Amino acid sequence: MDYVQAAIIGILRGITEWLPVSSSGQAMLTVMNTFGITPEEAHSYTILIQMGALLALFYRFRYDFGKILMNLLTLRWGEEESFLFYSTLFTAAVGLPLYRAFGGFSDSSTPEIINGLIGAALIATGLMMRAPLERVERGIRRGKEDVTVIDAIIAGVAQGAALIPGISRSGVTIGALLFLGVDRRKAVRMSFLMAIFAITGALFIEGESVAQPVPLSLTAVLSSFAVSLLMMEVILRLAEKLDFSRFCMLFGAVALIAAVMGVLL
């Protein structure tokens with residue numbers, strides 16, 4: 001992989017990290033199919049690039065996160081502190097077993113199999129998002145401004161499942177919160193804050209296993225950081241209008257077709 005390829009992957013990850021279209025799935029598909037990288041290398045490399053997204057999160061929410069972290073450490077928990085604690089706890093409980101299972105599976109799988117699984121997961125994510133979005137759009141549910149411990153647990157379970165590439169982290173967490181009746185803008189904000197602990201945990205687990213040259217990794221991380229900052233602002237401003245469920249299903253269909261063609265050809 002050269003510097004241009006590393007920058008392209010970082011930009012792709014920076015764009016898709018905040019869209020409900022599975023950034024890890026899209027990045028894995030790109031590096032496997034375009035650059036000829038093995039599924040094992042692709043899985044590890046896409047985890048590493050999340051460092052750019054994490055740095056962007058810390059910068060964008062530096063004041064909010066500093067306040068939340070201080071409240072957590074001093075046990076002065078409010079609504080957001082409780083939400084983040086329980087959602088992170090259940091993310092780890094669900095995500096770690098799935099993460100280890102997928103890591104072992106990807107080591108012995110072909111790109112065609114991974115393509116097919118990512119495609120199926122993307123379609124499933126799109127379908128899961130449609131129901132809550134339609135309920136909100138039709139006025140069946142009114143968006144609530146407060147989040148509860150139950151909301152946190154369900155969102156945490158959803159985020160844990162999203163450690164499997166192809167399942168959109170932002171898609172399933174926002175979708176779960178919308179289904180529970182949380183206001184769209186609030187759901188997007190909480191999904192972003194949840195990502196800080198989830199990405200940090202993934203980097204802690206996977207980071208040391210990535211054997212890419214430091215300059216290439218830095219190029220990808222910095223490009224991801226710059227694009228992530230821009231994308232977060234766009235998503236927060238357009239939170240009331242976004243519906244990417246159809247994009248999930250479209251990308252999933254393309255991935256499935258690519259997997260079938262790879263097997264047949």
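Shown above is the structure to which this text applies.
In this text, all values refer to a predicted model and were calculated from it rather than measured experimentally. (Residues numbered from 1 in each chain as written. Predicted model: local features only at pLDDT ≥ 70, side-chain atom pairs only at ≥ 80, totals over all residues. Heavy atoms only, no water.)

**Observations regarding the environment of Leu 48**
Here's step 1: Along the polypeptide, Leu 48 turns up in helix H3 (residues 39–60).
Here's step 2: When its relative accessible area of 17% is taken as the criterion, Leu 48 is described as buried.
Here's step 3: Leu 48 sits 172 residues away from Ala 220 along the chain, and the two C-alpha atoms are 8.9 Å apart. (Helix = DSSP H or I, 4+ residues; strand = E, 2+ residues; numbered from the N terminus. Buried < 20%, exposed > 50% of the residue type's maximum accessible area, 1.4 Å probe, protein only.)

**Focus on the side chain of Asn 71**
Here's step 1: Looking at the secondary structure, you find Asn 71 in helix H4 (residues 62–73).
Here's step 2: For Asn 71, a relative accessible area of 13% gives the class buried.
Here's step 3: Look past the residues within four positions of Asn 71 in its chain and what remains in contact with it is Arg 76, Trp 77 and Glu 81. (Contact = heavy atoms within 4.5 Å.)

**Regarding helix H7 (residues 149–161)**
Here's step 1: Compared with an ideal rise of 1.5 Å per residue, which puts 13 residues at 18 Å, H7 spans 19 Å between its outermost C-alpha atoms and is within 8% of the ideal.
Here's step 2: Within H7, burial applies to Asp 151, Ala 152, Ala 155, Gly 156, Ala 158, Gln 159 and Gly 160. (Expected span 1.5 Å × (residues − 1).)

**With respect to the pattern of salt bridges**
Here's step 1: Counted by the stated rule, this structure contains five salt bridges.
Here's step 2: Arg 189 is the salt-bridge partner of Glu 80, the closest N and O atoms lying 3.0 Å from each other. Pair noted here: Glu 80 is in helix H5 (residues 79–107) and Arg 189 is in helix H9 (residues 184–206), with a separation of 109 residues, a long-range link.
Here's step 3: Looking at Glu 80, the relative accessible area reads 16%, which means it is buried.
Here's step 4: A single salt-bridge network, built from bridges that share partners, covers Asp 64, Glu 79, Glu 80, Lys 186 and Arg 189. (Salt bridge = Lys/Arg side-chain N within 4 Å of Asp/Glu carboxyl O.)

**A look at the packing of H7 against helix H8 (residues 169–179)**
Here's step 1: At a closest axis distance of 8 Å, the pairing of H7 and H8 adopts a crossing angle of 155°. Classified by the interaxial angle, the pair formed by H7 and H8 is roughly antiparallel. In the crossing of H7 with H8, the sense of the turn from one axis to the other is right-handed. Of H8, the residues touching H7 (which contributes Asp 151, Ile 154, Ala 155, Ala 158 and Gln 159) are Arg 169, Val 172, Thr 173, Ala 176 and Leu 177.
Here's step 2: Residue composition of the contact of H7 with H8, by class: six nonpolar, two polar and two charged. (Axes fitted to C-alpha atoms, helices over the stretch in contact; angles between N-to-C directions. Parallel < 35°, antiparallel > 145°, perpendicular 65-115°, else oblique. Left-handed = near helix turned anticlockwise from the far one by under 90°. Nonpolar A, V, L, I, M, F, W, Y, C, P; charged D, E, K, R; others polar.)

**A short note on unusual backbone geometry**
Here's step 1: Phi angles above zero are rare outside glycine, and Leu 75 is one such case at about 60°.
Here's step 2: Looking at the secondary structure, you find Leu 75 in the loop between H4 and H5.

**Quick notes on the packing of aromatic side chains**
Here's step 1: For the structure on display, the rule yields five aromatic pairs.
Here's step 2: Judged by centre distance (5.8 Å) and plane angle (55°), the ring pair of Phe 65 and Phe 197 falls under tilted. Residue Phe 65 is located in helix H4, and its partner Phe 197 is located in helix H9; the two are separated by 132 residues in the primary sequence.
Here's step 3: Judged by its relative accessible area of 12%, Phe 65 is buried.
Here's step 4: Taken together, the ring pairs in this structure connect Phe 58, Phe 65 and Phe 197 into an aromatic cluster.
Here's step 5: Here the basic side chain of Arg 60 rests over the ring of Phe 61, its NZ or CZ set 5.0 Å away from the ring centre.
Here's step 6: In this structure, Arg 62 packs its charged tip against the face of Tyr 59, placed 4.3 Å from the ring centre. (Phe/Tyr/Trp six-rings, centres within 6.5 Å; stacked < 30°, edge-to-face > 60°. Lys NZ or Arg CZ within 6 Å of the ring centre and 35° of its normal.)

**Considerations on the nonpolar core**
Here's step 1: By size, the foremost hydrophobic cluster in this structure holds 35 residues, and its most contacted members are Trp 18, Leu 57, Phe 83 and Phe 192.
Here's step 2: Broken down by secondary-structure element, the contributors of at least two residues to this core are H3, H4, H5, H7, H8, H9 and helix H10 (214–237).
Here's step 3: Of all the elements, H9 adds the most residues to this core, at eleven residues.
Here's step 4: Non-local contacts of Leu 57, meaning those with residues more than four positions away in its chain, are made with Trp 18, Arg 62, Phe 192, Ala 195, Ile 196, Ile 199 and Met 232. (Core = buried A, V, L, I, M, F, W, Y, C linked by side-chain atoms within 4.5 Å.)

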